[in-house]
Every structure is written in C-alpha cells, then in structure tokens.
Amino acid sequence: MHISIIGSGYVGLVTGACFAELGNHVVCADNDIKKIACLKKGLIPIYEPGLDELIKSNLKKKRLNFTSSIADAVNAGEIIFITVGTPSLENGEADLTGIENVARKIAKNMSGYRLIVEKSTVPVETGAWVKQTVSAYAGKKHKFDVASNPEFLREGQAINDFMHPDRIVLGVESKKAAELLTALYKPLKAPILITDVKSAELIKHASNSFLATKISFINAVSQVCDKVGADVSKVALGMGLDGRIGKDFLNAGLGYGGSCFPKDVDAFIAISEKLGYEFDLLTAVRNINSRQREFFLEKIKNTLWIIKGKTIAVLGVSFKPNTDDIRSSAAVDIIRAIQKEGAKVRVYDPKAMKKAAGALNKTVTFCNDAYSASKGSDCLLVLTDWDEFKELDFLKIKKLLKRPVILDGRNIYDPQEMRKLGFTYESIGRKSKD
Ligand code: UDX
C-alpha cells in the first residue's frame, strides 16, 4: 500500500519504518528541512533500539522515503497518517495548531480519495474538526475519510510494540476506511477493534490515564508502606497476582514522566472540564505524581541533613531506561532541586547525557560510568532503572564514595543485601527493618 506519514518525530518515524518493513511504500514528511536531509542519509535524530537499522534497510530497499514537502507526501499516499506533535498549552489543553495546519495542507494538495488518519494523541472530537477543516479547504473536489488510529508505543521498545501490539484500535466512519486500515494492519495478526472515531480518540486518553492512575495508586500505597514499615514491592506482587488487577505498572518509584503520561493526564482533565465534567480522580493522580518527587527530596535531606556543599552522584537522567528522552523526567527535576540547594552533582546515564547537557545547569559534571560518578561523592542517587545499574560492583562503589549512602528512587536493589554490604540504603516504600 502507499502510505504517507506527516510529522517525522518519534511516533512518525517508528510508524513509517515499521509499515515499510511490512512491505508498504512509505513517505515520511516533516517541515524541518535539516532533519529530513539527515534522515535521507540514514542519520536518525532519536535513540530507539532497532530504529536505525530498520530505517537504513528500508531506505536501501527504496520502500521508505523522506521529504520536506507536505504536498509531495499528500500526493504519494492514499492513506495519510498525521503524527505531528500536540504539546501542552499552559492550561493543560493540547495545542492542535500543527494538526490544523496539516489538515489544511492535505485539503489543498489531495489528488484523489484520501484516508486521513490521526495517530497523534488528540482530544476527543479532533477527528470531527479535521473533517470540517479538510471539507472547508478542499471543497467537494475529492472524496476523503477521517479515521482515528491511536498509537500505544512505549519508548525504548516501540518497534516491538508496533510489530506485536496487544490490540489495534480503528475509529472509522465508512466501510472503505475500515477495509483499508484492516488490510494495512492484517500482517500483524493482532486483535482489531473497530469503533467510531470519538470512541477511538477516548480509548487513547483513557488507557494512558488509567496506566498513570495505576502508578500513582501504588506510589500512594508506598507512602503508607514507608510509614508503617511494610514493603511496597511485596504489596504490589500480592495485588498483581489477582488477574483482575494485573502485575504491570505497579512499580513504585519517583512517579511517571516522559512525553505522554504527564501531557495526556493534563489534557484529559482539561477536555473533561471543557465538556462539563470535573475529573478529580485524575487531578489526584497528577498531584500524587508530583508529590512523589518531593518525598524523595525529603528522604535525601533526612539522610544527608545539609545538602549545601555536598557532592552527589546521580545514576540516570532519562525518564525511563532504554531511551535518551529526558522530557518530564523525574531525574531532571531532582537534579535541579539538589543543585538549587547547593549540591555539586556528578551524573552518569548510558544514553541521555547529551540531551541532559543541553537542559541542565552547566555546573553538572558528566561522568563516563557509575564508578567515576561515585568517586568522592557523599551519596549515590539512583533515579532511572537502567539494567546496567542492577549489576554494579558495590564493593568498588563503596570504596569510591565518601560515605556509603545509596538512595534508590526506583527500588532496583534488595534492601537487605545493600545493608549487608554496609550501605545506608533508602528506597521507596520499603522501610521494613532487617
Ligand atoms: C506510554 C504508554 O505506555 C504508551 O502506551 C503510550 O503510547 C505512550 O506513553 P512511555 O511514555 O514510552 O509510554 O513510557 P512507559 O513505559 O509507559 O513509562 C512511563 C513512565 O512511567 C516512566 O517514567 C516510567 O518510569 C514510569 N513507570 C512505569 C513507573 O513509575 N512505574 C511503573 O510501574 C511503570
């Protein structure tokens, strides 16, 4: 099939590369001329495991192309996916300027029937607005359909998520749109749920907000565990074994970050309010999430007493492992807060240091590994659960630190083992005494 993807950011690139890999002819467009020039040479602007190879091999096979001309992309694909960014406005609503712009450009450049598919996370009723906009600017020249096909990709495992999804949601309003999208997704052999456009739009918001709710729930439980001396990871395990609850997304820690959950929760609260419903459950989810970072800061102070003048080693800056993305990262907030209190910070992250260098105050020292970050530090903070942090030589770390103190914001170590090794060890909701 001939497909165009408008918006070559994270979602657009993964979607485009995967559809090409499935044998389709794909054109990815973006108005960032520099980015497109790099992509044409196979230079990928983001870190996502496997994406590099997928793009390069499909460029070679000529199934994947890049263009900075939206008009060319509209011409090339019968199915056009809109994957432009929808950043948060100050009031929490999503900024849909990019989507509206693309809708107008599609209208102007259509040369026959087009199926326009929104894949960016958008508020409910965006499909209806896209339809109105395309009609208004295209007149009655060509037929078109608008559909919603939300993406559920997780950064760090996006290609696997694309190729092996739990479900594919298709919000459509015509038989033709349903047939085209069903045929496109057929090779994935995943369950396909066909709904109306508005329900599909809401499935995305409701799913992300529900996952965020699960995380905030377990974080709230972790607070009670801390106070009573219970172990939140055991509580989560006991809850998760109930098939109705499920064990995923019950890891207590510093709270959720990233480009999706914080923005989507804000947007869902804002849409609901606009529609006349106060979604106070989600307001609580958001508040619990930000308080989790404050609680961790309190733990640092309760352990070190005075932060000013201390050197603090930090492992992890990305919002989660296997990505270089630092957007809404809990680690970034915590680093900024301890810097503000006067700490010298020594940071190591396997992939995100380049992005962190652009975002953090220049006084941060970036180190080559966990050992060099630990050297001469008064304590070690673990802020992202990268696998490589699970296998460190702690006897070496102990010798390098000025004081054997570890504050683990992701609960990746066994408290008893760490204490046996001679560390003062603090984590989230696992205060139980040995
Ligand atoms: C999320 C959704 O999972 C995905 O379906 C959607 O398309 C985009 O948003 P992503 O932002 O890549 O994906 O990350 P995810 O793996 O969901 O983690 C989000 C945040 O929650 C991270 O900061 C992570 O550290 C945190 N998290 C996750 C927890 O704190 N505890 C958990 O149990 C799970």
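Residues numbered from 1 in each chain as written. Predicted model: local features only at pLDDT ≥ 70, side-chain atom pairs only at ≥ 80, totals over all residues. Heavy atoms only, no water.

**Quick notes on the overall build of the protein**
Check the secondary structure of the protein and you find 17 helices and 14 strands. Of the contacts made within the protein by residues no fewer than 6 positions apart, 71% connect residues no fewer than 24 positions apart. Element-wise, carbon and sulfur atoms account for 54% of the exposed surface of the protein, whose accessible area totals about 20100 Å². Separation between the mean location of the 63 positive side-chain charges and that of the 51 negative ones in the protein comes to 4 Å. (Helix = DSSP H or I, 4+ residues; strand = E, 2+ residues; numbered from the N terminus. Contact = heavy atoms within 4.5 Å. Areas by Shrake-Rupley, 256 points an atom, 1.4 Å probe, with all protein chains shown as cover. Lys, Arg positive; Asp, Glu negative; His and termini not counted. Charge placed at Lys NZ, Arg CZ, Asp CG, Glu CD.)

**Notes on the site of the ligand**
Within the structure, the ligand sits among 19 residues, and F152, L153, E155, N251 and K320 are positioned closest to it. F152 is positioned with one of its backbone polar atoms (N or O) 2.9 Å from an oxygen atom of the ligand. The contact in question runs from an oxygen atom of the ligand to an N or O atom on the backbone of L250, over 3.3 Å. Computed on the free molecule, the ligand has an accessible area of 670 Å², of which 92% lies beneath the protein chains in the complex. At 3 residues, the largest contribution of residues to the shell around the ligand is made by helix α9 (residues 197-228). The residue makeup of the shell around the ligand, split by class, is 9 nonpolar, 4 polar and 6 charged. When residues of the shell around the ligand are assigned to domains, at least three map to each of domain 1 (2-195) and domain 2 (261-426). (Near = heavy atom within 4 Å. Polar contact = N/O pair within 3.5 Å; in protein donor to acceptor, adjacent residues only side chain to side chain. Nonpolar A, V, L, I, M, F, W, Y, C, P; charged D, E, K, R; others polar. Domains from an automatic or database assignment.)

**Considerations on the packing of aromatic side chains**
Tallied over the full model, the rule gives 12 aromatic pairs. Where Y348 meets F389, the ring centres are 6.1 Å apart and the plane angle is 65°; that geometry is what we call edge-to-face. With Y348 in strand β10 (residues 344-348) and F389 in the loop between β12 (379-382) and α16 (394-400), this residue pair connects regions lying 41 residues apart in the sequence. For the pair Y348 and F389, a shared accessibility class is recorded, and that class is buried. Of the aromatic side chains, those joined through ring pairs into one cluster are F19, F81, F162 and Y185. Sitting over the ring of Y113, K176 keeps its end group 3.9 Å from the ring centre. The ring of Y371 has K396 lying over it, and the distance from NZ or CZ to the ring centre is 4.2 Å. (Phe/Tyr/Trp six-rings, centres within 6.5 Å; stacked < 30°, edge-to-face > 60°. Buried < 20%, exposed > 50% of the residue type's maximum accessible area, 1.4 Å probe, protein only. Lys NZ or Arg CZ within 6 Å of the ring centre and 35° of its normal.)

**Describing the packing of helix α1 (residues 10-21) against helix α3 (residues 51-60)**
Packing of α1 against α3 brings their axes to within 9 Å, and their N-to-C directions diverge by 50°. If you check the angle between α1 and α3, you find them oblique. Relative to α3, the crossing made by α1 is left-handed. Mapping the contact onto sequence places L13, V14, A17, C18, A20 and E21 in α1 and L51, L54, I55, S57 and N58 in α3. (Axes fitted to C-alpha atoms, helices over the stretch in contact; angles between N-to-C directions. Parallel < 35°, antiparallel > 145°, perpendicular 65-115°, else oblique. Left-handed = near helix turned anticlockwise from the far one by under 90°.)

**Considerations on helix α10 (residues 232-240)**
Within the span of α10, buried status applies to V232, A236, M239 and G240. The arc that holds every buried residue of α10, seen down its axis, measures 90°, which confines them to one face. Summarising the geometry of α10, the exposed residues directed more than 90 degrees from the buried face are K234 and L237. Buried positions along α10 lie against α9. (Arc of directions from axis to C-beta.)

**Brief notes about the pattern of salt bridges**
Across all of its chains, the model carries 21 salt bridges by this definition. Of the charged contacts, one joins E179 and K175 as a salt bridge, the two residues approaching to 3.7 Å between their closest N and O atoms. Taken together, the positions of E179 and K175, both in helix α8 (residues 175-185) and 4 residues apart, correspond to about one turn of that helix. Taken together, the shared-partner salt bridges connect E155, D325 and R327 into one network. (Salt bridge = Lys/Arg side-chain N within 4 Å of Asp/Glu carboxyl O.)

**Digging into the nonpolar core**
Ranked by size, the top nonpolar core spans 42 residues in total, and within it F19, I55, F66, F81, L115 and L181 carry the most contacts. In terms of residue count, the dominant contributor to this core is α1 (7 residues). F81 has contacts with I3, S4, I5, I6, F19, V117, K119, N149, L181, L184 and Y185, leaving out every residue within four places of it along the chain. Counting residues in each nonpolar core, the second largest holds 38 residues, with M239, L250, I326 and L360 among its members. (Core = buried A, V, L, I, M, F, W, Y, C linked by side-chain atoms within 4.5 Å.)

**Thoughts on the domain arrangement of the protein**
Taken domain by domain, the protein holds domain 1 (2-195) and domain 2 (261-426). With centres defined by C-alpha atoms, the gap from domain 1 to domain 2 works out at 34 Å. With 15 residues of domain 1 at the interface, the matching set in domain 2 holds 16 residues. Of the roughly 1300 Å² buried at the junction of domain 1 and domain 2 (both faces included), carbon and sulfur atoms supply 53%. Counting across the interface, domain 1 meets domain 2 through 2 salt bridges. In this structure, R327 engages E155 in a salt bridge whose closest nitrogen and oxygen atoms are separated by 3.8 Å. Across the contact surface, domain 1 and domain 2 share 4 residue pairs in polar contact (both at pLDDT 80 or more). (Buried area = accessible area lost by both parts, 1.4 Å probe.)

**With respect to the environment of K61**
Mapped onto the fold, K61 is located in the loop between α3 and β3 (64-67). By relative accessible area, which is 48% here, K61 ends up partly exposed. For the pair K61 and A20, spaced 41 residues apart in the sequence, the C-alpha separation amounts to 9.3 Å.

**Let's talk about the pairing of strand β1 (residues 2-6)**
Most of β1 sits inside the fold, with 4 of its 5 residues counted as buried. As paired strands, β1 and strand β2 (residues 25-29) are joined by 5 bridges and run parallel to one another. Paired with I3 across the two strands is V26, which belongs to β2. For the handedness criterion, the β-α-β arrangement of β1, α1 and β2 is classed as right-handed. (Pairing = 2+ DSSP bridges. Right-handed = clockwise from strand over helix to strand, strands pointing away.)

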